[in-house]
Amino acid sequence: MVLLREKEQEVTLTMNEQPVMVFKDVVKVYPLPAGDVTALDDISFQVERGEFISVMGPSGSGKSTLLNLMGCLDTPTSGDISISGTRIRDMSDVELTNLRRDRIGFIFQYFNLFPLLNIIENVTFPMMLKSQKAVDPEKGKEVLRSVQLDDSLFTHTPTEVSGGQQQRVSIARALINDPDILLCDEPTGNLDSKTGAGIMDLMSELNRKGTTIIMVTHDSHIAEYSRRTIRIADGRIVE
Ligand SMILES: Nc1ncnc2c1ncn2[C@@H]1O[C@H](COP(=O)(O)OP(=O)(O)OP(=O)(O)O)[C@@H](O)[C@H]1O
Ligand SMILES: [Mg+2]
């Protein structure tokens, strides 16, 4: 919770900053032997600090591609993406790695936890990458408690807890380096509606404390938690 409170202050201090993210004329083409697939076709939009955005659209419309570009996991074929005023194309590999590690948290549909690591080890892993040395497990415990995971589960492995609990672990892992942007691809896609609602309450709380959230969902009830929806179809923003 300490983490969250610090962010609240940050928000009030940085209201006049530039947008967290700007996409300008972004095109993403996947070259395939059978022919090019244009996954994103001239996408432009911007995200202000503190927004909570849902990205909706049919299967294959380009939602995951868009999220991967936002998270700098992939690069556009043409066009420009800027994060807090810096163009991604002007960043070095080291700068990009640090950006991904320190400022962006990713939450995946299938949790993507390491099966052989216990829950605390999973959560502190990105911290270890950052500090390049063993980390204090207390930090992991603190964040796990902030996502309301019971202490008795901390030394379990991911397969020994429920889907909802695994998603809380993956949220904790995404938060451990205190990112200011949280990207989520169908974060409740594999959860029942009650567990999903619990996860969404947690995300709303994080957003209230200042984290910018961009979430892909096909579920209009889940999208209601966001404050703006970007709709895409065939790789283009519609409406
Ligand atoms: N690595 C890839 N190589 C080739 N084509 C790809 C690749 N990733 C995605 N595509 C294609 O790009 C288009 C957009 O895919 P994307 O995964 O972004 O869709 P999506 O909106 O996330 O779909 P879903 O709702 O099913 O997850 C699709 O036509 C898909 O087949
Ligand atoms: Mg997808």
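First things first, this report covers the structure right here in the doc.

Some remarks on the layout of surface pockets
Consideration 1: Computed from the structure, the largest pocket encloses a volume of approximately 440 Å³.
Consideration 2: For the largest pocket, the lining is made up of 17 residues, of which Arg 100, Arg 101, Ile 104, Phe 106 and Pro 126 are closest to its centre.
Consideration 3: Residue assignment for the lining of the largest pocket shows that the elements contributing at least two residues are α3 (93–103), β6 (104–107), α4 (119–131) and α6 (163–175).
Consideration 4: When grouped by side-chain class, the residues that make up the lining of the largest pocket number 10 nonpolar, 4 polar and 3 charged.

Remarks on the sheet that holds strand β1 (residues 21–30)
Consideration 1: In spatial order, the strands read β2-β1-β4-β5; together these 4 strands make up an open sheet with antiparallel pairing. The open sheet has two edge strands, β2 (37–47) and β5 (86–87), and neither has a second partner.
Consideration 2: Here β1 runs beside strand β4 (residues 78–83); their pairing, made up of 5 bridges, is antiparallel. Bridge pairing in β4 links Phe 23 to Ile 81.

Focus: the site of ligand 1
Consideration 1: The immediate surroundings of ligand 1 are formed by Tyr 30, Leu 32, Val 37, Ala 39, Pro 58, Ser 59, Gly 60, Ser 61, Gly 62, Lys 63, Ser 64 and Thr 65.
Consideration 2: Separating an oxygen atom of ligand 1 from a backbone N or O atom of Ser 61 is a distance of 3.2 Å.
Consideration 3: Within the complex, the protein chains bury 60% of what would otherwise be the 630 Å² of accessible surface of ligand 1.
Consideration 4: Secondary-structure elements contributing two or more residues to the shell around ligand 1 are β2 and α2 (63–70).
Consideration 5: Counted by class, the shell around ligand 1 contains 5 nonpolar, 6 polar and 1 charged residues.

Conventions adopted
- Sequence positions are assigned chain by chain, starting from 1 and proceeding in written order.
- Labels are handed out in written order, letters beginning with A for the chains and numbers beginning with 1 for the ligands.
- Whole-chain, interface and lining totals are the exception, using all residues; otherwise, since this is a predicted model, local features are given only for residues with pLDDT of at least 70 and side-chain atom pairs are given and counted only at 80 or more.
- The basis for every side-chain value is the complete set of heavy atoms in the structure, and neither hydrogens nor water enter the calculation.
- A cavity here means a set of points on a 1 Å grid, drawn over the protein atoms and nothing else, where a 1.4 Å probe fits but cannot get out; a pocket is an open set with protein on both sides within 12 Å along at least five of seven lines, and a residue lines either one if it has an atom within 4 Å of a point.
- Grid points are joined across faces, edges and corners, and a volume is the space filled by probe spheres set on the points.
- The way it works is that DSSP assigns letters per residue, a run of H or I at least four long becomes a helix, a run of E at least two long becomes a strand, and they are numbered from the N terminus.
- Residues are grouped as follows: Ala, Val, Leu, Ile, Met, Phe, Trp, Tyr, Cys and Pro are nonpolar; Asp, Glu, Lys and Arg are charged; all remaining types, including Gly, are polar.
- Here, strands pair whenever DSSP counts at least two bridges between them.
- Note on terminology: near, applied to a residue and a molecule or strand, indicates that one of the residue's heavy atoms is within 4 Å of it.
- We call two N or O atoms a polar contact when they sit within 3.5 Å, provided that within protein one can donate a hydrogen and the other can accept it, with sequence-adjacent residues counted only if both atoms are side-chain atoms.
- In this description, accessible areas are obtained by the Shrake-Rupley approach with a 1.4 Å probe, and a residue is regarded as covered only by the protein chains that are shown.

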